[in-house]
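# Structural description and commentary
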Amino acid sequence: MSSIANLKVPLVEFPEQSVEDKKANEFGPLTSKEYLYEMKSRNGEPLQELILDTPPYYVVVITYLNYLILLILGHIHDFLGLTFQKDRHQDIMEKDGLAPWFSKFESFYVRRLKLRIDDCFSRPTAGVPGRFISCIDRIAHNLNSFYTYPGTSTMCLNLSSYNYLGFAQSEGLCTSSALDSIDKYGVCAGGPRTQLGTSELHISTEKLVAEFVGKEDAMVFSQGYGSNANFFNSILDPKCLVISDELNHTSIRTGVRLSGATVKAFKHNNMEVLEKLIKDQIVNGQPKTHRPWKKILICVEGLFSMEGTMCNLPKLVELKKKYKCYLYVDEAHSIGAIGPNGRGVCDYFGISPSNLDIMMGTFTKSFGAAGGYIAADKSIIDRLRCDLTTTNYGESVPAAVLAQTCTSLRIITGELNPGEGLERLQRIAFNSRYLRLALKRLGFIVYGIADSPVVPMLLYAPSKMPAFSRMMLQRKIAVVVVAYPATPLIESRVRFCVSAALTKEDIDYLLRHVNEVGEKLFLKVSSGKTARWDIEDVIKHTPVDCKDDRFFAN
């Protein structure tokens, strides 16, 4: 089949492999130019409204019954434990007149449900999270209460990392640039400290980011989460209104709450509900006083990482102009991975970045680095430099991280190694479309748009999350399962994170095992407009069909 057909060969054993093998393990070689797809600009045309596939009623009933049984057993366990084994439940009991560390009710979900599948989360890894990832073996004891480590590790095909363009490599231009920056600047944050802790490397990175996203100026930060969590406090106050998509990331929610602004949520990507909400808020004004809002900020994500859906940017821009609002777009998952040139949602929809007031993004996904940025007009960035707490009270970005970011950006734009950046963009576009269409044809329920590098596949019943995760690990495939509260209670899922580092043969290997595990766990519950395909037919025909948008029509 391919080099991945047998993962026990020395190819994946790091201590004994050659440099060439190591490179292939981190970034797979392109086996054919047929496995490339050039993402097309939509030239201002919005996406079709997605019609989500729904499971049969028996799946929903079984899922609720699963949770009901777990809840009943958990409460029985709590009652017996608090009655006969008090020494094992000290953290939820009063002791010496002191309140318990945790409320019995508030900690119930973690203690009685999540703990049972904790071995599927936060698995320790080592090395570069490239095409393969080294998972450190561990043995769970007492329902995952603690682990022991035998000292071994397993090399797995990596479908669990946000390494969208495959820049997480231990060798190459990015790594060389990072090492050179350490020789020049040292390992301290930002290198030699100048006024306000800024070095010329910071300035060049900010200039490069601003040019890449199409804004006048930009600021870089040492943490992507902190970029959101601290930004809103600088531009909003209690007289401002934030209209937020209901599925926005927790960093946005945290930042908005800290600002003290009023928050109104609208149904995910529903532009009719959004417009009605804007109208109502303009008419009603601020609570109590009913005075006009000082600012109205529409806040969305470019690509929603749990759903694989994209914001309806053309309609958002239309509403922003119509009602004189501001528009904030979080491009943590879309920048670098979406658009013909990898420049995010504006590039994908063919809309000028000047229509967006604030553009936020991170370097942890497509660029293989760390930190985040805010890009906007120069007047806004100048104001943020004065009072944004992230930069005034936090550490600046280390020189090696800035060098990684700059080099990966220059590769994407073609300034370095012309052609390499374009190939990476076309590889992730092909891989995303191929995996998504193949899973649908096999009978699985999959969320998201065709070009999203995040491919959520629904599992539903809570018992199927650990089963799927453990069975895939046995097959040397690393995946991420997601459950409540990150998703709705009955919509637990596995989230495949596609990378340009993967080859078409890697995805074939993945599909064969997902097909086998899916049949054993009864996961093929898609209603489907056509009959389910055989795995061999999927692998044979889908690589060609996935390049045609007609096959992704609802």
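Residues numbered from 1 in each chain as written. Predicted model: local features only at pLDDT ≥ 70, side-chain atom pairs only at ≥ 80, totals over all residues. Heavy atoms only, no water.

### A closer look at the pattern of salt bridges
The criterion, for reference: Criterion for a salt bridge: a side-chain nitrogen of Lys or Arg within 4 Å of a carboxyl oxygen of Asp or Glu. Numbering of helices and strands runs from the N terminus; a helix is a DSSP stretch of H or I covering at least four residues, while a strand is a stretch of E covering at least two. When a residue's accessible area, from a 1.4 Å probe over protein chains only, is under 20% of the maximum for its type it is buried; when over 50% it is exposed; and in between it is partly exposed.
Per the counting criterion, the structure on display carries 30 salt bridges. The partner of arginine 475 in a salt bridge is glutamate 516, and the shortest N-O contact between them spans 3.0 Å. With arginine 475 in the loop between α15 (464-474) and β16 (477-478) and glutamate 516 in helix α16 (residues 504-520), the pair connects residues that are 41 residues apart, well separated along the chain. Ionic pairing is found between glutamate 519 and lysine 524, a salt bridge with its closest N-O pair at 3.2 Å. The partly exposed category is assigned to glutamate 519, whose relative accessible area is 48%. By relative accessible area, which is 15% here, lysine 524 ends up buried. Each of the salt bridges in this network shares a partner with another, and the network as a whole consists of Glu206, Asp217, Lys378, Asp382 and Arg385.

### A word on the pairing of strand β15 (residues 454-460)
Here β15 lies mainly inside the structure; seven of its seven residues are buried. A two-sided burial pattern is seen for β15, the buried positions comprising Val454, Pro456, Leu458 and Tyr460 on one face and Val455, Met457 and Leu459 on the other.

### Digging into the domain arrangement of the protein
Convention followed: As used throughout, domain bounds are those supplied by an automatic or database domain assignment. When two parts are put together, the accessible area they lose, computed with a 1.4 Å probe and summed over both, is reported as buried area. Polar contacts here mean pairs of N or O atoms no more than 3.5 Å apart (in protein, one a potential hydrogen donor and the other a potential acceptor; neighbouring residues in sequence count only if both atoms are side-chain atoms).
According to the domain assignment, the protein contains domain 1 (23-55 + 122-158 + 423-551) and domain 2 (199-397). Taking only C-alpha atoms, the centre of domain 1 and the centre of domain 2 are 29 Å apart. Summed over both partners, the interface of domain 1 with domain 2 buries about 1,800 Å², with 63% contributed by carbon and sulfur atoms. Summed over the shared surface of domain 1 and domain 2, the result is 10 residue pairs in polar contact (both at pLDDT 80 or more). At the level of elements, α14 (420-442), β15 and β18 (492-497) are the ones that each hand at least two residues to the side of domain 1 that touches domain 2.

### Let's talk about the sheet that holds strand β5 (residues 153-158)
Keep this limit in mind: For two strands to count as paired, DSSP must find a minimum of two bridges between them.
Ordered by their spatial adjacency, four strands build an open sheet running β1-β2-β5-β16, and the pairing between neighbours is mixed. Looking at the sheet topology across the chains shown, the edges are occupied by β1 (125-126) and β16. Pairing of strand β2 (residues 132-136) with β5, which is carried by five bridges, proceeds in the antiparallel orientation. Bridging across to β5, isoleucine 136 finds its partner in serine 153.

### Brief notes about the packing of α16 against helix α17 (residues 535-545)
What counts here: To define axes, lines are fitted to C-alpha atoms, for helices over the stretch in contact only, and angles between the resulting N-to-C directions are given on a 0 to 180 degree scale. Note that the term roughly parallel is reserved for angles under 35 degrees, roughly antiparallel for angles over 145, roughly perpendicular for angles of 65 to 115, and oblique for everything else. Definitions for this section: a left-handed crossing has its near helix turned counterclockwise from the far helix by less than a right angle. A right-handed crossing has that turn clockwise. Pairs of residues are marked as contacts when any of their non-hydrogen atoms sit within 4.5 Å. Throughout this entry, Asp, Glu, Lys and Arg are counted as charged residues, while Ala, Val, Leu, Ile, Met, Phe, Trp, Tyr, Cys and Pro are counted as nonpolar. The remaining residues, Gly among them, count as polar.
Running from N to C, α16 and α17 cross one another at 150 degrees; their axes reach a closest spacing of 10 Å. Of the possible angle classes, the one that applies to α16 and α17 is roughly antiparallel. The way α16 lies across α17 gives a crossing that is right-handed. On α17, the residues that touch Lys504, Asp508, Leu511, Arg512 and Asn515 of α16 are Ile535, Glu536, Ile539 and Pro543. Here the contact of α16 with α17 is built from residues that sort into four nonpolar, one polar and four charged.

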